[in-house]
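Listed below, chain by chain, are the residues.
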Amino acid sequence: MNVLKKLTIRNLKLNKKRTITTIIGIMLSTALICATFGLGTSFQQSLLQDAIKSSGDYHATFYNIPKEEQKYITENRQIDSYYITQDLGYAEIEKKLPDSYNRYWLIKQYDEKALTNNGIQLVEGRLPENENEILIQDRATDYSNQEYRIGDMMHLKIGERYSSTGEEKLGAMNPLETTEDGEQVLEKFVLTGEEKEYKIVGIMKRPSSEIEPYYAPFLVCITYLPENKITENVDISVKYKDVTKAYEITEEISKQNGEENSYEYITNGDVLRWSGVSKRTNIATTLYVVVGIIVVIIIFSSVFVIRNSFRIMITEKYRQYGMLASIGATSKQIKRNVLQEAFYLGVIAIPLGILGSLLAVFILVLLVQNLIGEYANMEFTFYFPWMAILIGTVLSIVTIYLSSIIPARKAAKISPIEAIRSNTEIKIKRKKIQAPKWIKKLFKIGGLISYKNLKRSKKQYRTTVISIVVSIAIFLALTSIIQYAFGFTDIYYYENIGYNIVVRSEEEENEKNLQQYNEISKMDGIEQYSIQKMAYITIGKEYDNKELAQYYGGSQLDRTIPIIAIEDKYYNELVQKLGISKEEAKTGAILADNVSYYKDNKYATANQFTIKEGETIKCYQENLAEIEEETPIENKKQMEIKILKRLGEEQTIGIGRGTHCLIVTEEFLQNYMPNYRISNMYIQAEEPEEICKMLDNMENIEYTNYDESMKQTKAIRTVIYIFVYGFIAVITLIGVTNIFNTITTNMLLRSKEFAMLKSVGMTGKEFNNMIRLESIFYGLKSLIIGLPIGLLLSYALYKAFGTSMEITYQIPWTSIGIAVLFVFIIVFITMKYSLNKINKQNIIETIRNDNI
Amino acid sequence: MEILRVENLNKIYGKGENEVRAVDNVSFQVEKGEFVAIIGSSGSGKSTLLHLIGGVDRPTSGKVYIDGKDIYQLSNDNLAIFRRRQIGLIYQFYNLIPILNVEENITLPCDLDEQKVNPEKLQDLLKTLGLEKRKKHLPNELSGGQQQRVSIGRAIINSPAIMLADEPTGNLDSKASEEIISLLKLSNKKYKQTVIVITHDEKIALEADRIITIEDGKIIKDERNG
């Protein structure tokens, strides 16, 4: 090993802390790049696998290919593999339900490969192994009065569908031909005379819409196609060697027999999309664009860390390179020395980064699968991201090379005399470090020194300031996204509403309703419940919002709205939120009449009624048994209700946003509206599933389980939080590495100065104060630049979301607070760390040490 | 009047076989206004002795009295305050703060002490040092001799009890060396400043009132000049 190489290794070992922080920096950058691409790959692959699972792995299917022409497709060089399916014919469902749209079986025959690759999703049983065995769908029982079990025999009379004219044969893509009102079936079913006996060997899920369209009047069942039974016309599904050309090749093959005679075909859109092939811009490309933007941010930050580390390294060894040059090292050798150092660091850091990223992606995919896999009804699996590793490695190497080549060139240019003589790399210019007088007056000499120092090492600090700025800006922007995105979804989703099941009794009489509710309330696992009562009133058109009416192009109307009584407990909670006393609350009603509508390309809010809070309005009672639309309003029973308050953002049980109603106490309703009805029962259950099962067994009970959708929203939210905060965390970590690197080095380089200051009589306290001041100047500078940029970004995002929502811009004070606190904590901790190190040093030894 | 008394001063580095007695049981006194040169070969312990006198290092044992005060009884912070008021240090490599200009470097000990600088005194000092026209310059804009003059200014600004110089001419050419020596002599005469200089240079030593020779951490000769 040559001496320069030895020197490199020894240097790395000597400056252990620097080496480690540099390695961490490179590691994080590599890991972040790999993880971003890796996650992209895993999600893309998961989506692709999901598409294959449900619609098969073929790229295109050609229909009705005559026997003698099959070889043109199957022997095409661009085809990797193919499988053959054919329609045997239709058969009527034996005991089909009277008015059922689905009236036939479509018997499809699949060859060996098609059975395994064409997206059959078995629920139970096995695939057919001969032409007497058959697979039917799990929903078959919904369309027939007959039970279908594995092992049962099916006797089918094969036929064909013909149009009402009797001329046209109907295929799988034709919907049921009926009269215009859909009452009568027009198409004809003609038996071919063939009869088949099948044994059910498996139950499958409904096949994809390419095989069985949503409007199909039949249920597909699948049987085995032996090779010798391939008939005249078959459907051939193909997989291409080069998926990227799928659309072109398909077109080409379909036209093999000339333009007019071209084959009918379909392409497997989902599979092609997730393979990254598409005719137009679509989700796959969007995904890549998003990943691309993220990667640009990451590369940007990591280049700074790595560049900074190398710059610092050169500064530290400025003298050493001068010395090497003075004893005859050529600039080439010195340059190589620097690059070598970069090489060693890369060799250690890149593999570590890749390992870290693999682990991170693995964990994230697992998390996503556990959190939302069930709701998304798909399986997120970890795929080894070969491409991601390749890209990450290449990008890291390029970054390292670029960030080391500049310092290397600089090192090579060092003139020996200059390096040995002068102690400072940076030429200090008088003008650059002039400080305003007040600095010294206010902060004393310590403040002056720290202020001037900041100005001196502008370049070094700039990179660090930038990395803090990037962290702050990203943090502010992303927290804004979360705020707006969730603020947005919150309007549509239920949260903390105090119930997860809504039950409606369909009985006619109040007493029976109550009886049923009473019965339900005794079920195990019900934490709390609330029963509401309601009636209807009509508010006269004089109160109707004129502007709204005009907006919708109508005139003012009498409007009938429910008047809902909620239990006292909830009512009292609500009036408290609204700021009404309990006594006052009993005397009137709370009005909910918010309307949100689209105006000037924006959502706007308004009130349906021009009623003031505190106003007593005239309204008319409705008879619940029959809404008396025909009765003129004057003939209805008139009554007066005082409107206490209007409901704003406040929520209470059972009153969703956008509901128009009056909310009153139970007592009020019973007194003034004796014809009220018992309405819904709201249940908060520990295990909603269990309660729902019990409700299923009750007669005349309808219910909605909100638990699933709430859980789903929460899970999606959690996943977004994990990704967003994970991203912020790593970017911040890179920033912290940067800060740590710069500050510690800077402090180390100045330790001689510090020792000098101490030797002329600076006390420890004064010294610490000086450093603290420097941290404050430093943090302030980053914040002064970072906060406006972050706010600008968050405002831009607000504008983006603002087009579809009427929300006022809110300065994210909390996030700003967190950012400010965080910046100062990080800077202080790093300074403190270096201070401790410096304070341990002996003044004399430091002053005499020439190696710094 | 006695300004410095050193009593049985020891500074030992290392332990056992590696033990080095940099300063070995040294005792001596210096009168106010004396100009003392300490000479000795490289590694004789003279620098260590100087740093112990200057209160920037701590001895293994023994005492140093400056103006009657036992300086190693002081806490670190008090010692620092004592240093900036009573001791002026001059180093071979000047050790100026690169971001402060000439004037700021000179007044640094006053600023640290939050004392007002007498502008006339400063003006006079700058004139004496020949730095009047350079007072706004940064150290890297000055020659070595000029930089060393700044550090003399810094050492003298607070009229310390003792001015200590560690090889002040070690890094300078002969012309600049002469200037520095005459400045040291001038301050000794003009401000009645007590000066202790460590040097290799016979010429400087001969300018001093008293020459102390050190070898292996011990005083082997202590003689008055002329």
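Being a predicted model, the structure only gives us computed values, none of them experimental.

Here is what the cut-offs are and how they apply
- Residues numbered from 1 in each chain as written.
- Chains lettered and ligands numbered in written order.
- Predicted model: local features only at pLDDT ≥ 70, side-chain atom pairs only at ≥ 80, totals over all residues.
- Buried ≥ 20, exposed ≤ 12 C-beta atoms within 10 Å, placed from the backbone.
- Helix = DSSP H or I, 4+ residues; strand = E, 2+ residues; numbered from the N terminus.
- Contact = placed C-beta atoms within 7 Å.
- Nonpolar A, V, L, I, M, F, W, Y, C, P; charged D, E, K, R; others polar.
- Axes fitted to C-alpha atoms, helices over the stretch in contact; angles between N-to-C directions.
- Left-handed = near helix turned anticlockwise from the far one by under 90°.
- Core = buried A, V, L, I, M, F, W, Y, C linked by C-beta atoms within 7 Å.
- Pairing = 2+ DSSP bridges.
- pLDDT = per-residue confidence, 0-100.

1. Some words on helix H3 (residues 102-112) of chain B
Residues and elements named next belong to chain B. Among the 11 residues that make up H3, 10 are buried, leaving the element largely enclosed by the rest of the structure. Residues Val102, Glu104, Asn105, Ile106, Thr107, Leu108, Pro109, Cys110, Asp111 and Leu112 constitute the buried set of H3. At the C-terminal side of H3, Glu114 shows a positive phi close to 55 degrees.

2. Structural notes on the interface of chain B and chain A
Taken together, the contact between chain B and chain A spans 24 residues of the former and 24 residues of the latter. The set of elements that each furnish at least two residues to the side of chain B that touches chain A consists of helix H2 (76-86) and H3 of chain B. For the side of chain B that touches chain A, a count of residues per class yields 13 nonpolar, four polar and seven charged.

3. Here we look at the packing of helix H20 (residues 707-749) of chain A against helix H23 (residues 813-840) of chain A
Residues and elements named next belong to chain A. Close contact between H20 and H23 brings their axes to 9 Å; oriented N to C, the two are set at 35 degrees. Where H20 crosses over H23, the two elements pack in a sense that is right-handed. Across the interface between the two elements, Val736, Ile739, Phe740, Ile743, Thr744 and Met747 of H20 pack against Ile826, Val827, Thr830, Met831, Tyr833, Ser834 and Ile838 of H23. The residue inventory of the contact of H20 with H23, partitioned by class, reads 10 nonpolar, three polar and no charged.

4. Concerning the nonpolar core
Counting residues in each nonpolar core, the largest one holds 205 residues, and the members touching the most others are Trp105(A), Cys221(A), Ile38(B), Leu164(B), Ile196(B) and Val197(B). Looking at this core, the element that brings in the most residues is helix H2 (residues 16-55) of chain A, giving 16 residues. Not counting residues up to four positions away in its chain, the partners in contact with Val197(B) are Ala37(B), Ala165(B), Pro168(B), Leu184(B), Ile204(B) and Ala208(B). Counting residues in hydrophobic clusters, the runner-up holds 49 residues, among them Ala565(A), Leu591(A), Leu644(A) and Ile663(A).

5. Remarks on the sheet that holds strand E9 (residues 210-215) of chain B
All names here are of chain B. The sheet built from six strands is open, its strands ordered E6-E7-E8-E3-E9-E10 with mixed pairing. Two strands close off the open sheet at either side, each with one partner strand: strand E6 (87-90) and strand E10 (218-224). On average, each strand axis in the sheet is tilted by 15 degrees relative to the strand beside it, whichever way the strands run. Strand direction decides the pairing type here: strand E3 (residues 35-40) and strand E8 (residues 194-199), joined by five bridges, are parallel. Each bridged residue has a counterpart across the sheet, and for Val36 the counterpart in E8 is Ile196.

6. Concerning the pairing of strand E2 (residues 79-92) of chain A
All names here are of chain A. In the sheet, E2 pairs with strand E10 (residues 233-240) via six bridges, with the strands oriented antiparallel. The partner of Tyr83 across the bridge, within E10, is Ser237. As paired elements, E2 and strand E3 (residues 104-110) share seven bridges and run antiparallel to each other. Among the inter-strand pairings, Gly89 is bridged to a residue of E3, identified as Ile107. Strand direction decides the pairing type here: E2 and strand E6 (residues 153-162), joined by two bridges, are antiparallel. For Ala91, the partnering residue across the bridge sits in E6 and is Ile158.

7. Considerations on the confidence of the model for chain B
All names here are of chain B. Looking at chain B as a whole, its pLDDT mean stands at 86, while 100% of the residues score no less than 70. The lowest-confidence element of chain B is helix H7 (residues 202-207), averaging 82 in pLDDT; the highest-confidence one is strand E4 (residues 61-66), averaging 91. With pTM at 0.62, the complex prediction returns an ipTM value of 0.76.

8. Some words on the environment of Tyr240(A)
All names here are of chain A. Of note, Tyr240 is situated in strand E10. Residue classification places Tyr240 among the buried positions, given that 23 C-beta atoms sit within 10 Å. In the structure, Tyr240 is positioned 180 residues away from Ala60 in sequence and 8.7 Å away in space, judged by C-alpha atoms. Those residues in contact with Tyr240 that lie beyond four places of it in its chain are His59, Gln78, Ile79, Asp80, Lys245, Ala246 and Ile249.

9. Describing the sheet that holds strand E1 (residues 2-13) of chain B
All names here are of chain B. With respect to topology, four strands assemble into an open sheet ordered E2-E1-E4-E5, the strand pairing being antiparallel. In the strand order of this sheet, the two ends are held by strand E2 (20-31) and strand E5 (69-70), each with one partner. Both E1 and E4 contribute to a ladder of five bridges, which runs antiparallel. If you follow Glu7 over to E4, its bridge partner there is Lys63.

10. Digging into the pairing of strand E5 (residues 133-137) of chain A
All names here are of chain A. Among the five residues that make up E5, four are buried, leaving the element largely enclosed by the rest of the structure. For E5 and strand E8 (residues 188-204), the ladder comprises five bridges, and the chain directions are parallel. Note that in E8 the partner of Ile136 across the bridge is Ile203. Alignment of E5 against strand E9 (residues 218-224), held across two bridges, turns out to be antiparallel.

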